[in-house]
Amino acid sequence: MSGAVRQMLTCYWSAKRIQRYLDVDPSAPLTPGEVTRLEEHLATCERCGELMRQHRFLHTALSLWSAGSPVDPASVDRMRTVLDDLIEKKRS
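Residues numbered from 1 in each chain as written. Predicted model: local features only at pLDDT ≥ 70, side-chain atom pairs only at ≥ 80, totals over all residues. Heavy atoms only, no water.

## Some points on the packing of helix α1 (residues 3-15) against helix α3 (residues 32-44)
Thinking step 1. Remark: α1 packs on α3, axes separated minimally by 10 Å, with the N-to-C direction vectors making an angle of 120 degrees. With respect to their mutual orientation, α1 and α3 come out oblique. For the pair α1 and α3, the sense of crossing is left-handed. Contacts from Gln7, Thr10, Cys11, Trp13 and Ser14 of α1 reach α3 at Glu34, Arg37, Leu38 and His41.
Thinking step 2. Tallied by class, residues from the contact of α1 with α3 come to 3 nonpolar, 4 polar and 2 charged. (Axes fitted to C-alpha atoms, helices over the stretch in contact; angles between N-to-C directions. Helix = DSSP H or I, 4+ residues; strand = E, 2+ residues; numbered from the N terminus. Parallel < 35°, antiparallel > 145°, perpendicular 65-115°, else oblique. Left-handed = near helix turned anticlockwise from the far one by under 90°. Contact = heavy atoms within 4.5 Å. Nonpolar A, V, L, I, M, F, W, Y, C, P; charged D, E, K, R; others polar.)

Written as structure tokens, this is what we have:
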């Protein structure tokens, strides 16, 4: 197998496991061998390293978003009023 094909297959294999690696999902854990293989690949592959950084950014952003305070019901009511007014004006 050529080096380019091997690299492509390793990148594909890695991309399929990055999210599980970040989530540390107990229902779908990576084996210690998979963790080692993934970490070694990420240390040498710029493209997969960038994919990992993007996943980390998204993971962090979603974690912060879900940890936020609940939406104020009064704000939702105000937004509904604004939308209702816009829809009514469009009909007129």
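## Remarks on α1
Thinking step 1. In this model α1 runs 18 Å from its N-terminal to its C-terminal C-alpha over 13 residues, within 8% of the 18 Å that 1.5 Å per residue would give.
Thinking step 2. Those residues of α1 not exposed but buried are Thr10, Cys11, Trp13 and Ser14. In an axial view of α1, the angular spread of the buried residues amounts to 160 degrees, which keeps them on one side of the axis. Among the exposed residues of α1, those oriented more than 90 degrees off its buried face are Ala4, Met8 and Tyr12. (Expected span 1.5 Å × (residues − 1). Buried < 20%, exposed > 50% of the residue type's maximum accessible area, 1.4 Å probe, protein only. Arc of directions from axis to C-beta.)

## A look at the environment of Tyr21
Thinking step 1. Take Tyr21: it is sitting in helix α2 (residues 18-23).
Thinking step 2. Every residue in contact with Tyr21, bar those within four places of it in the chain, is listed here: Leu30, Val35, Leu38, Glu39, Met52 and Arg56.
Thinking step 3. Polar contacts involving the side chain of Tyr21 include one to the side chain of Glu39, which spans 2.5 Å. (Polar contact = N/O pair within 3.5 Å; in protein donor to acceptor, adjacent residues only side chain to side chain.)

## As for the packing of aromatic side chains
Thinking step 1. Going through the model one piece at a time under the given rule, you end up with 0 aromatic pairs.
Thinking step 2. When the ring centre of Trp13 is taken as reference, the NZ or CZ atom of Arg37 above it lies at 3.8 Å. (Phe/Tyr/Trp six-rings, centres within 6.5 Å; stacked < 30°, edge-to-face > 60°. Lys NZ or Arg CZ within 6 Å of the ring centre and 35° of its normal.)

## What to know about the environment of Asp23
Thinking step 1. By the element assignment, Asp23 lies in helix α2.
Thinking step 2. Taking the C-alpha atoms as reference points, Asp23 and His59, separated by 36 residues in sequence, lie 8.3 Å from one another.

## Quick look at the pattern of salt bridges
Thinking step 1. One pass over the full model with this rule turns up 3 salt bridges.
Thinking step 2. Note that Arg17 and Glu34 form a salt bridge whose closest N and O atoms lie 3.3 Å from each other. Taken as a pair, Arg17 in the loop between α1 and α2 and Glu34 in helix α3 lie far apart in primary sequence, 17 residues in all.
Thinking step 3. What makes Arg17 buried here is its relative accessible area of 17%.
Thinking step 4. A relative accessible area of 17% places Glu34 in the buried class. (Salt bridge = Lys/Arg side-chain N within 4 Å of Asp/Glu carboxyl O.)

## Digging into the confidence of the model for the chain
Thinking step 1. In this model, the chain carries an average pLDDT of 86, and 96% of its residues clear a pLDDT of 70 or more.
Thinking step 2. Taken element by element, the predicted model of the chain shows its lowest mean pLDDT in helix α5 (residues 73-91) (85) and its highest in α3 (95). (pLDDT = per-residue confidence, 0-100.)

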